[in-house]
Amino acid sequence: MALNIQNTSLKISAGLPKQIPSDPQPQVAFSGRSNVGKSSLINTLLGRKSLARVSSSPGKTITINFYDVDKKLFLVDLPGYGFAKRNPEDKKKWSSLTDGYFTSNKNIDRLTLVVQLIDSRVGPTKDDEMMLEYLSAAELPFIVVATKVDKLNATERKKNLEAIGAHPLIEGNKVIPFSSLKGDGKEELWKTILTYAKF
């Protein structure tokens, strides 16, 4: 790997679109529901336990977290969506911040990939489908990571992954089964990220 993932730090937790860093390195963004396991996945990828904060209250934090990997790549943790208990003001803030990332990001041309997380036990929710529609309409390259596969038995896993892969908004895109607990999919996801980021 051309990256030293041990040399990773949180560059900024951006609460406003204007705080998005202008550094020129490639960006890989992670999108998904509030409790889909995004922070756990990022920690697993980076071999850390708590670099990305795993919140006990899903949807609590509304920031875009930029993790600087070896001064060569940003892993961008977008705020989780679809959290039912969030109040209208917070939902509006989430929407404007996430929209701002895609529309006000000075380096949007450096966004090489969006990793869309979907809970393998649930499949795409309506919120996931809205995000997938947006990514397709904006012609942004994306792959799907099916999280929490360790919570399924072999039969459920095969059936659910096939259903996710056959979804009309996903069909033809790569789907990577992932377990933060067991590390399944970590190597394949890193290979995919590095390929898109042209390492």
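Keep in mind that this is a model prediction, so the values were computed, not measured.

Here we take up the overall build of the protein chain. Helix and strand counts for the protein chain come out as five helices and seven strands. The secondary structure elements of the protein chain, listed N-terminal to C-terminal, are β-β-α-β-β-α-β-α-β-α-β-α. For the protein chain, whose C-alpha radius of gyration is 16 Å, the value lies close to the compact-globule estimate of 16 Å for 199 residues. The C-alpha extent of the protein chain, read off along each of the three principal axes, is 45 × 45 × 35 Å. Residues classed as buried in the protein chain amount to 48% of the 199 residues present. Looking at the protein chain alone, contacts between residues at least 24 apart form 74% of all its contacts between residues at least 6 apart.

All right, on to the pattern of salt bridges then. Tallied over the full model, the rule gives ten salt bridges. The partner of Lys38 in a salt bridge is Asp77, and the shortest N-O contact between them spans 2.6 Å. Note that Lys38 is positioned in helix 1 (residues 38-46) and Asp77 in strand 4 (residues 73-77), a separation of 39 residues in sequence. Look at Asp77 and you get buried, because its relative accessible area is 4%. Asp119 is paired through a salt bridge with Arg121; the nearest N and O atoms lie 2.8 Å apart. By relative accessible area, Asp119 is classed as buried at 2%. Taking the relative accessible area as the measure of exposure, Arg121 reaches 40% and is therefore partly exposed. One salt-bridge network, held together by shared partners, links Arg33, Asp119 and Arg121.

The next thing to look at is helix 1. Among the nine residues that make up helix 1, eight are buried, leaving the element largely enclosed by the rest of the structure. Those residues of helix 1 not exposed but buried are Lys38, Ser39, Leu41, Ile42, Asn43, Thr44, Leu45 and Leu46. Gly47, located one to two residues past helix 1, shows a positive phi value of around 65°.

Spatial strand order, 1-3-4-2-5-6-7: seven strands in an open sheet with mixed pairing. Two strands bound the open sheet, and with one partner strand each, they are strand 1 (8-14) and strand 7 (175-177). Between one strand axis and the next, the sheet turns through 25° on average, direction left out of account. Relative to strand 7, strand 6 (residues 142-147) runs parallel, the two being bridged by three bridges.

As enumerated under the stated definition, the model contains four aromatic pairs in all. The interplanar angle of 55° and the centroid separation of 5.4 Å between the aromatic rings of Phe102 and Tyr134 together place this pair among those described as tilted. Taken together, the residues Phe102 in helix 2 (residues 88-103) and Tyr134 in helix 3 (residues 126-137) connect sequence positions 32 residues apart. Ring pairs connect the aromatic residues Phe66, Phe74, Tyr101, Phe102 and Tyr134, which therefore count as one cluster.

Conventions we followed
- Residues numbered from 1 in each chain as written.
- Predicted model: local features only at pLDDT ≥ 70, side-chain atom pairs only at ≥ 80, totals over all residues.
- Heavy atoms only, no water.
- Helix = DSSP H or I, 4+ residues; strand = E, 2+ residues; numbered from the N terminus.
- Rg over C-alpha atoms; globule rule 2.2 N^0.38 Å.
- Buried < 20%, exposed > 50% of the residue type's maximum accessible area, 1.4 Å probe, protein only.
- Contact = heavy atoms within 4.5 Å.
- Salt bridge = Lys/Arg side-chain N within 4 Å of Asp/Glu carboxyl O.
- Pairing = 2+ DSSP bridges.
- Axes fitted to C-alpha atoms, helices over the stretch in contact; angles between N-to-C directions.
- Phe/Tyr/Trp six-rings, centres within 6.5 Å; stacked < 30°, edge-to-face > 60°.

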